[in-house]
Amino acid sequence: MPELPDEIAWTLVNTEDWGGGLERTYRAENVEHADCGGDVLLVHLHDEMGAVTGAHSRCAKCGEDPTA
Ligand SMILES: [Zn+2]
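Each chain has its residues counted from 1, following the order in which its sequence is written. The predicted origin of the model limits local features to residues at a pLDDT of at least 70 and limits the giving and counting of side-chain atom pairs to 80 or more, whereas totals for whole chains, interfaces and linings rest on all residues. Only hydrogens and water are removed before side-chain values are computed, so all heavy atoms of the structure are retained for them.

Draft legend 1. Structural context of the sheet that holds strand S2 (residues 22–32). The sheet built from 4 strands is open, its strands ordered S1-S2-S3-S4 with antiparallel pairing. The sheet is open, and its two edges are formed by strand S1 (10–17) and strand S4 (52–59), each paired on a single side. Each strand of the sheet is rotated relative to its neighbour by a mean of 20 degrees, with strand direction disregarded. Should DSSP find at least two bridges between two strands, the strands are regarded as paired. The helix and strand labels rest on DSSP assignments: H or I over at least four residues marks a helix, E over at least two residues marks a strand, and numbering proceeds from the N terminus. Judged from the 7 bridges that link them, S1 and S2 form a sheet pairing that is antiparallel. Counted as the bridge partner of Asn14 is Thr25 from S2. Axis lines are fitted to C-alpha atoms, over the contacting stretch for helices. Their N-to-C directions set the angle, which ranges from 0 to 180 degrees.

Put into structure tokens, the structure is as follows:
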């Protein structure tokens with residue numbers, strides 16, 4: 001499993017195969033984007049071996065990165 005911040009309750013909401021591995025989307029259960037109140041999503045990209053190769057977050061409502 002990828003390492004996720006302890007203080008945020010993440011729920012896996014979507015898994016897609018992008019061709020070279022999996023893309024997993026997590027939704028934060030107990031935080032929301034301060035600017036608009038939208039859900040905060042965390043996207044992890046995995047390679048074929050399952051290792052996390054990239055991670056980024058975005059707001060489900062406005063699309064901005066809530067951590068930027
Ligand atoms: Zn937002």
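Draft legend 2. Local environment of the coordination of the zinc ion. Only N, O and S atoms count as donors, using a 2.8 Å limit from the metal and a wider 3.2 Å limit for Na, K and Ca, and since water is excluded some coordination spheres may look unfilled. His33 (ND1), Cys36 (SG), Cys59 (SG) and Cys62 (SG) make up the full set of protein donors to the zinc ion, lying at 1.9 to 2.4 Å. Read in sequence order, the donor residues coordinating the zinc ion give the pattern H-x2-C-x22-C-x2-C. In this pair, Cys36 sits in the loop between S2 and strand S3 (39–46) while Cys62 sits in the segment after S4, placing the two residues 26 residues apart along the sequence. Here the term buried applies to any residue with accessible area under 20% of the maximum for its type, exposed to any over 50%, and partly exposed to those in between, with areas from a 1.4 Å probe on protein chains only. Given the relative accessible area of 39%, Cys62 is considered partly exposed.

Draft legend 3. Representation of the pairing of S2 within the structure. The turn linking S1 back onto S2 is made up of 4 residues, and Gly19 within it adopts a positive phi angle of 115 degrees. Hairpin geometry of S2 and S3 is characterised by an intervening segment of 6 residues between the two adjacent antiparallel strands and by a positive phi of about 85 degrees at Gly37.

Draft legend 4. Examining the side chain of Ser57 more closely. Mapped onto the secondary structure, Ser57 falls in strand S4. Judged by its relative accessible area of 10%, Ser57 is buried. Polar contacts, as counted here, are pairs of nitrogen or oxygen atoms within 3.5 Å of one another; within protein the pair requires one atom able to donate a hydrogen and one able to accept it, and residues that are adjacent in sequence qualify only if both atoms are side-chain atoms. At 2.8 Å, the side chain of Ser57 and the side chain of Asp65 are in polar contact. Looking at Ser57, its side chain comes within polar contact range of the side chain of Thr67, at 3.4 Å. Here, residues are in contact when the closest pair of their heavy atoms is within 4.5 Å. Once residues lying within four places of it in the same chain are set aside, the contact partners of Ser57 are Leu41, Leu42, Asp65, Pro66 and Thr67.

Draft legend 5. Spatial organisation of the side chain of His46. Relative to the helices and strands, His46 is located in strand S3. A polar atom in the side chain of His46 sits 3.0 Å from the backbone oxygen of Gly50.

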